[in-house]
Amino acid sequence: MSSAHREGVGAQLTSGARTLAAPLASGALLAGGQLSAQLAPAQTQALAASLLGAAIVVGVATFAPQAIRRSLSGRLGVDTLMTLAAVGAVALGELAEAAVLAFLFSLAEGLESLAAARAHRDLRALLALAPKHALVRRAGRELEIDASELRVGDRLLLRPGERAAADGIVRAGRSALDVSLVTGESLPVECAPGDFVAAGALNSNGLLEIEITRAGSDHTLARLVRTVGEALANRGHGERLAERIARPLVPAVLALAGATFLVRTVSGEPLRDALERTLAVLVAAAPCAFAVGVPVVAVAAVGAAARRGVVVKGGATLERLAAIRDCRTARPARGP
């Protein structure tokens, strides 16, 4: 497996950890501000305001920049509503409410990133199982080379206790292979000359000479790793439905909030009260739970399956699996 791919997985893990650190910091600042206000409101008013302000800044910073960029390009999202609500609460002097909103939404965003990072961690665990070196026979000599240097047609010598570094056909020797990593089969599989050996298969006993048919990024283990990685982007119906509902609902919520403010002000309600009701509409009607929760569940489920040795090709496959009630009558789904 390429070092660039490994570095990419590591970057995903680091990014997930950083994303969750900000909401936790925001929550700690929020708790400190609330505690300061409760213990001695008169003496610690300035400290409480400073802590709450810091909580708002740290929390909003995780989603406001993206919301602004999306809005400038004409794409409104749930983060746009949350940004407007936070700004409005600050304008009204409700720092505690703004801090709570910023903390909760940044935490939801952070949990989604953490779920994705955990799935990538499981991907890295699969990568770690790939052999780094391989013993081959070239021009009558046995050479130990880097696995990335294997070529189609090479004769791979697979000793007991070693994993195959590429796909190939057995040309000499007999053994039993542990293929649980690739197929999930719990019992060793006997192999003889002419049988196919997948990359990642563990040789239990006997020396095998294997003619490589697929190597590099094309062998079975590499494809398995790619499948887990692509699972994060393979969206199910529920995920697509959440996105489709959230996209038109955000402008509708903005329109409803604007209408609420207009009606309240025209009816003679004080400006502050009208703004508070408008912000309540923004927060209450925002589809954040639906838009964020469904993808988080799908990504977490794919990662949990990978940790148990089950490779699931994304949310769409999970939904088809959930729809099965009787394995004896279930028909295979069409498509990959």
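Visitor: Would you mind going over the sheet that holds strand 5 (residues 175-178) with me for this structure?
Guide: Hydrogen bonds between backbone groups are what pair the strands of a sheet, and the pairing can be parallel or antiparallel. Read across the open sheet, the 3 strands follow the order 6-5-8; overall the sheet is antiparallel. Each edge of the open sheet is held by one strand with a lone partner, namely strand 6 (189-191) and strand 8 (202-205). The sheet shows a mean angle of 40 degrees between the axes of neighbouring strands, direction not considered.

Visitor: Any chance you could explain the sheet that holds strand 1 (residues 133-138) here in plain terms?
Guide: The antiparallel open sheet is built from 6 strands, whose spatial order is 2-1-3-9-4-7. Of all strands in the sheet, those with a lone pairing partner are strand 2 (141-146) and strand 7 (196-197), marking the two edges. Note that strand 4 (residues 167-172) and strand 7 share 2 bridges and pair antiparallel. Within the sheet, the bridge partner assigned to Ile-169 lies in strand 7 and is Phe-196.

Visitor: Looking at this structure, how should I read unusual backbone geometry?
Guide: Residues other than glycine predominantly adopt negative phi, and peptide bonds predominantly adopt the trans conformation. Here Ala-139, not a glycine, exhibits a phi torsion of approximately 55 degrees, which is positive. Its location among the elements puts Ala-139 in the loop between strand 1 and strand 2.

Visitor: Hey, could you run me through the confidence of the model for the chain in this one?
Guide: Low pLDDT marks stretches whose predicted atomic positions should not be read closely. In this model, the chain carries an average pLDDT of 77, and 71% of its residues clear a pLDDT of 70 or more. Confidence over residues 236-241 falls short of pLDDT 50; this stretch has 15 contacts with residues more than four positions distant or in other chains. Under a pLDDT of 50 for its full length, residues 332-336 has, in the predicted model, 3 contacts with residues more than four places off or in other chains.

Visitor: How do you make sense of the side chain of Asp-167 when you look at a structure like this?
Guide: One can find Asp-167 in strand 4. Polar side-chain contacts of Asp-167 include one of 2.6 Å to the backbone nitrogen of Ala-199. Sequence-distant contacts of Asp-167, defined by excluding residues within four places in its chain, comprise Phe-196, Val-197, Ala-198, Ala-199, Glu-211, Ile-212, Thr-213, Arg-214, His-219 and Thr-220.

Visitor: What exactly am I supposed to notice about the nonpolar core here?
Guide: Proteins that are soluble and globular tend to have nonpolar side chains buried together. By size, the foremost hydrophobic cluster in this structure holds 27 residues, and its most contacted members are Leu-30, Val-60, Leu-81, Met-82, Ala-99 and Leu-282. Contributing elements (two or more residues each) for this core: helix 2 (45-60), helix 4 (78-91), helix 5 (95-128), helix 8 (237-266) and helix 9 (271-285). Ranked by residues supplied to this core, first place goes to helix 5 with 7 residues.

Visitor: I would appreciate a short explanation of the side chain of Asn-203 in the present structure.
Guide: The residue Asn-203 is located in strand 8 in this model. A polar contact is formed between the side chain of Asn-203 and the backbone oxygen of Gly-206, at a distance of 2.7 Å. Dropping the residues within four chain positions of it, Asn-203 is found in contact with Leu-158, Arg-159, Pro-160, Gly-161, Glu-162, Ser-175, Ala-176, Leu-177 and Leu-208.

Calculation rules
- Residues numbered from 1 in each chain as written.
- Predicted model: local features only at pLDDT ≥ 70, side-chain atom pairs only at ≥ 80, totals over all residues.
- Heavy atoms only, no water.
- Pairing = 2+ DSSP bridges.
- Helix = DSSP H or I, 4+ residues; strand = E, 2+ residues; numbered from the N terminus.
- Axes fitted to C-alpha atoms, helices over the stretch in contact; angles between N-to-C directions.
- pLDDT = per-residue confidence, 0-100.
- Contact = heavy atoms within 4.5 Å.
- Polar contact = N/O pair within 3.5 Å; in protein donor to acceptor, adjacent residues only side chain to side chain.
- Core = buried A, V, L, I, M, F, W, Y, C linked by side-chain atoms within 4.5 Å.
- Buried < 20%, exposed > 50% of the residue type's maximum accessible area, 1.4 Å probe, protein only.

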